[in-house]
Structures are given as C-alpha cells and as structure tokens.
Amino acid sequence: MSQPNGNIYEAEIAGLLDDISSPDPLIRDGESLGRLYEILDSPAVSPAQRRRVGSTAVQRLADPRVEVRSFAALVLIPLILHDAAEPGWFDDFATWYATEEETTGYDDVRGWLHAVAHGADVLGAFGWMARESPRPALDLAALRMLHQGPGIWRDQEDDRLGYALAITLANPRLTPDDALSWLDPLEEAFLRADSGPVPAFVSNSIRTLRVVQLLTDEKMSYQGRRVRVRHSTAVGQRIRDVLHLASPWMWNPAGASGQQ
C-alpha cells in the first residue's frame, strides 16, 4: 500500500478537530488528540497543511466554550515543534492565555477543561522553539501567574507552568538579563500584596516559582533531549529573593514571629 498523502488526511484531520471540540468529554478527551498529533508528525503532511490546521486552532482560541479554546491550544504544540508556526500565532495565543478567565481543571460534568495547564504546554513549546530571545514566553508566563481571577490552581497547573518556564529558560538564546528580569513584575506584585488573606494569584505564583526553582538544578527531558536551565545559579537565587518577599520565614526565622 502506498503512503497516504496529505490530501487523504484532510477529511480525517477535519473529523479529529471536530472531536476535540466536542462538548462530550468522552469524545473530546479520548484518542482523537493523540491521533491528530500522529498525523501532524507524519512526513506525508505538508507545511501548508500544518499551517492550515494551526490557523483553525488559533481561530478557536476565541470560541465561547472554554473546552474548545483549551483543546485548540493543544493542537498548536506539534505545529510549533515542527517549526510551522506563523508569525502571528504567538500573539494570538498570548492574548488568549494571559486573559483566560476559566481556570477550572476538572469539572464533574464537562470533564477536563484545564486551560491553564494546556496553555502552559503550548507556552513551553513556543519558549523552547523561539528563534530569537524566548523572553516573550517568560513574560507571558508571568502575566498568567499574575491574573487577578479568584481560582486557586489545584490540578497540577503550577507543575505544568513551572516546567514550561524551565524549558523556556533552557533555550540556548536566553540572555543573562532575560533569564532574570521577567521576574520583576512578580517581585512588584509581592511587594504590593496586603498582609491579609493570600490572594489566589499569589498562591498560584508561589507554587509555580517553587517548581522552577526546583528544576534549576535538574536535567530535564524535553522532546527526547536532556536540557538544563541556563544561568541556573543566578535564576535560582533570583527566584529565592522573590519568594522571600512572600514567605520570609523560610529563610529568615527571625521574621516568622507574628505570622499567622
């Protein structure tokens, strides 16, 4: 049998894109995404086809239903890793990810929504593949952490975003300044925080930064490669300094008195 060509895949791709937009979680979160990734990784699929799929996914980032937005984001990952991303895709993705209001991970009726985690996976792909500085991906991660919504992440969103940040920090094009200065807005937010109940965004940010700090000293696996955070000593110290503002008792026991 001859190798299927791109035109033969067209109908299947369209069906799979419909499946991962289904309101039925059993359809949306079944085997469709894996099969779509398999097709998009195939050498039989042309760059033009990948760009068309990506354009469809980017358009769906504005869909009224969160499950459509969230799963459309995942479609971008193999396209980014195949270096098929169009110049405007990151901006469209960033507009969605920085402002997404629905942060529910798992819903008993709707199934997995997981917009923060799915977006983190996409952010990591963009950050790793950035041909110039990966700083825009780092800044976007900070914006996501600082989003002023009420939801505290509970379904490993902090792990996923922390890992995405670490992968971005492993990009060989990362400069020493960009490795550190993306943390400035987080430092400013922690300095402004009231002494009352901890806002959700502060809790989310603290836990995400702790993941990044943990990974600064680790070899990570990404796309079959072993990678490490660049400028890791400086990054680890900078994160420690920022976290000290939110949790001073961890490194300064004298400051623990009076903490509630």
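Residues numbered from 1 in each chain as written. Predicted model: local features only at pLDDT ≥ 70, side-chain atom pairs only at ≥ 80, totals over all residues. Heavy atoms only, no water.

Novice: Account for the packing of aromatic side chains, naming residues and giving values.
Specialist: Scanning all chains against the criterion turns up nine aromatic pairs. Ring centres of W96 and Y97 lie 5.7 Å apart, and the angle between their planes is 40°; this geometry places the pair in the tilted category. The pair formed by W96 and Y97 is uniform in burial state, with each residue classed as buried. Relative to Y222, the ring of W128 lies with its centre 6.1 Å away and its plane at 70°, an arrangement referred to as edge-to-face. In this pair, W128 is assigned in helix α7 (residues 115-129) and Y222 in strand β3 (residues 220-222), connecting sequence segments 94 residues apart. Like W128, the residue Y222 is buried in the burial classification. Among the aromatic side chains, those forming a connected cluster through ring pairs are F90, F93, W96, Y97 and F126. The ring centre of Y97 lies 5.8 Å from the NZ or CZ of R144, which sits over that ring. (Phe/Tyr/Trp six-rings, centres within 6.5 Å; stacked < 30°, edge-to-face > 60°. Buried < 20%, exposed > 50% of the residue type's maximum accessible area, 1.4 Å probe, protein only. Helix = DSSP H or I, 4+ residues; strand = E, 2+ residues; numbered from the N terminus. Lys NZ or Arg CZ within 6 Å of the ring centre and 35° of its normal.)

Novice: Pulling in residues and values, what's your account of the confidence of the model for the protein?
Specialist: Within the protein, residue pLDDT values average 92, and 93% of them lie at 70 or more. Taken as a whole, residues 253-260 scores under 50 in pLDDT and shows three contacts with residues more than four places along the chain or in a different chain. (pLDDT = per-residue confidence, 0-100. Contact = heavy atoms within 4.5 Å.)

Novice: Talk me through the packing of α7 against helix α9 (residues 157-169); I want residue IDs and the actual numbers.
Specialist: Two measures define how a pair of helices packs: the angle their axes make with one another and the distance between the axes. Where α7 contacts α9, the two axes come as close as 8 Å, and the packing angle between them is 5°. Classified by the angle their axes make, α7 and α9 are roughly parallel. Here α7 contributes V116, A117, H118, A120, D121, L123, G124, G127 and W128 to the contact with α9, which in turn contributes E157, R160, L161, A164, I167 and T168. Here the residues of the contact of α7 with α9 are counted per class, giving eight nonpolar, four polar and three charged. (Axes fitted to C-alpha atoms, helices over the stretch in contact; angles between N-to-C directions. Parallel < 35°, antiparallel > 145°, perpendicular 65-115°, else oblique. Nonpolar A, V, L, I, M, F, W, Y, C, P; charged D, E, K, R; others polar.)

Novice: Which residues make up the packing of helix α6 (residues 89-99) against helix α8 (residues 135-145), and what values go with them?
Specialist: Contact geometry for α6 and α8: axes closest at 8 Å, N-to-C directions at 20°. Put simply, α6 runs roughly parallel to α8. Classified by chirality, the crossing of α8 by α6 is right-handed. Listed contacts from α8 to F90, F93, A94, Y97, A98 and T99 of α6 are P136, A137, L140, L143 and R144. (Left-handed = near helix turned anticlockwise from the far one by under 90°.)

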